[in-house]
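# Structural features, examined
This is what each chain is made of:
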Amino acid sequence: MKAMWNERYQADEYQYGINPNDFMKEQITPLPAGRILFPGAGEGRDAVFAAKKGWEVHAFDLSEQGKAKAEKLASAEKTRIHYKVADAALVKFPLESFDVIALTYFHLPLETRLHFYKQCVSWLKPGGLLILEGFNQRQLGLSSGGPKNAEWLFSTATIAAEFPGLKILVNEEKQRALNEGPLHQGLAEVVQLVGQKL
């Protein structure tokens, strides 16, 4: 996986664009700035947006190329992010250290995902928010992006159950148009979720 993402991100062009995911942007814009984590941060579009809004941004990804491009984007936008190269199955952060964790199109194998989501809840402060947008299982028939393995995709029924310890505030399946760089273009089937740590 690391080699695939490094190859994908080595092009000069930002593969998912430089503008933030609009659902994530909509959710964090009204919040007071605090500490936020972006797992699977890729080329940094969401992380850099949050940093410009005054958040203390932490991010990680498997890809060294993603990190380099994210830091380049942060520099161009005259802001700073804390970004490390790490595997979701192994990465560690202090307990109850984030106000928000934002998962934007971060798809994982089921076993890894269940472990990682449990970790995410433990890293949130009480009252903290988890914000997620990703492809649902109907995305398999579409060409606008995402993994081609149904087990890696979401549904409203399964995703809520995978976050015990969160009060689910938003959990919706939507059909929407993506315009996020060359790799997220066109009609897409997504799940949007917001949960608050109890």
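Going along each chain's sequence as written, the residues are numbered from 1 onward. Local features are withheld for residues below a pLDDT of 70 in this predicted model, meaning they are given only at 70 or higher, and side-chain atom pairs are given and counted only at 80 or more; totals for whole chains, interfaces and linings count all residues. Hydrogens and water are ignored here; the side-chain numbers use all heavy atoms of the structure.

## Section: the overall build of the protein chain
Of the regular secondary structure elements, the protein chain holds 6 helices and 7 strands. Relative to the compact-globule value of 16 Å for 198 residues, the protein chain shows a C-alpha radius of gyration of 15 Å, a close match. When the backbone C-alpha atoms are referred to their principal axes, the protein chain occupies close to 40 × 40 × 30 Å. A simple rule labels every residue: compare its accessible area, found with a 1.4 Å probe on the protein chains alone, to the largest value its type can have, and call it buried under 20%, exposed over 50%, or partly exposed in between. Taken across its 198 residues, the protein chain has 51% of its residues classed as buried. Whether two residues are in contact is decided by their heavy atoms, any of which lying within 4.5 Å being enough. Partitioning the intrachain contacts of the protein chain with sequence separation of at least 6 by distance along the chain shows that 68% fall at a separation of at least 24. Per-residue and other accessible areas follow the Shrake-Rupley method at a 1.4 Å probe size, with only the shown protein chains counted as cover for residues. Accessible area for the protein chain stands at about 9200 Å²; split by element, carbon and sulfur atoms hold 53% of it. Under the counting rule used here, the positive set is Lys and Arg, the negative set is Asp and Glu, and His together with the chain ends is not counted. Positions of charges follow a simple convention, taking NZ of Lys, CZ of Arg, CG of Asp or CD of Glu. When the 23 basic and 23 acidic side-chain charges of the protein chain are each reduced to a single mean position, those positions are 4 Å apart. Where helices and strands are cited, they refer to DSSP runs of H or I of at least four residues and of E of at least two residues respectively, numbered from the N terminus. The size measure is the radius of gyration over C-alpha atoms, and the globule rule it meets is 2.2 Å times the number of residues to the 0.38 power.

## Details of the side chain of Asn 21
Its place among the elements puts Asn 21 in the loop between helix 1 (2–9) and helix 2 (22–28). Here Asn 21 falls in the buried class, since its relative accessible area comes to 0%. Pairing of N or O atoms within 3.5 Å defines a polar contact, subject to two protein rules: one partner must be a possible hydrogen donor and the other a possible acceptor, and residues neighboring in sequence count only if both atoms are side-chain atoms. Only 3.1 Å separates the side chain of Asn 21 from the side chain of Glu 180, close enough to count as a polar contact. Setting aside residues no more than four positions away along its own chain, Asn 21 makes contact with Arg 45, Asp 46, Thr 104, Tyr 105, Glu 133, Arg 176 and Glu 180.

## A look at the pairing of strand 4 (residues 98–104)
Looking along a regular strand, one sees side chains alternate from face to face of the sheet. With 6 of 7 residues buried, strand 4 lies mostly within the body of the structure. Whether two strands pair comes down to DSSP finding at least two bridges between them. Bridge count for strand 1 (residues 35–38) against strand 4 is 2 bridges, and the pairing is parallel. Bridge pairing links Ile 36 to Val 100 in strand 4. The sheet contact formed by strand 4 and strand 5 (residues 124–135) spans 6 bridges and is parallel. Across the sheet, Ala 102 pairs through a bridge with Ile 131, a residue of strand 5.

## Let's talk about unusual backbone geometry
The phi dihedral of Lys 78 is positive, around 60 degrees, even though this residue is not glycine. Inspection of the secondary structure assignment puts Lys 78 in the loop between helix 4 (64–76) and strand 3 (82–85). Its identity as a non-glycine residue notwithstanding, Glu 96 has a phi of 50 degrees, on the positive side. Relative to the helices and strands, Glu 96 is located in the loop between strand 3 and strand 4.

## What to know about the packing of aromatic side chains
The criterion for an aromatic pair is that two Phe, Tyr or Trp rings (for Trp, the six-membered ring) have centres within 6.5 Å, with stacked assigned to planes under 30 degrees apart, edge-to-face to planes over 60 apart and tilted to the rest. This model, assessed by the stated rule, comprises 10 aromatic pairs. Both rings, one in Phe 93 and one in Trp 123, keep their centres 5.1 Å apart while their planes meet at 80 degrees; by these two values the pair is edge-to-face. Remark: Trp 123 occurs in helix 5 (residues 110–123) and Phe 93 occurs in the loop between strand 3 and strand 4; sequence separation between them is 30 residues. For the pair Phe 93 and Trp 123, one class covers both residues: buried. Relative to Trp 123, the ring of Phe 116 has its centre 5.8 Å away and its plane inclined at 70 degrees; by these criteria the two rings are edge-to-face. Per residue, the accessibility class of Phe 116 equals that of Trp 123, and both read buried.

## Description of the sheet that holds strand 3
Pairing within the open sheet is mixed, and its 7 strands lie in the order 3-2-1-4-5-7-6. Both edges of this open sheet fall to strand 3 and strand 6 (166–180), since each of them pairs with a single strand only. Taken pair by pair, the neighbouring strands of this sheet meet at an average axis angle of 15 degrees, ignoring direction. Note on definitions: angles span 0 to 180 degrees between N-to-C directions of axes, and those axes are lines fitted to C-alpha atoms, for helices only across the stretch in contact.

Read these as geometric descriptors, not functional statements.
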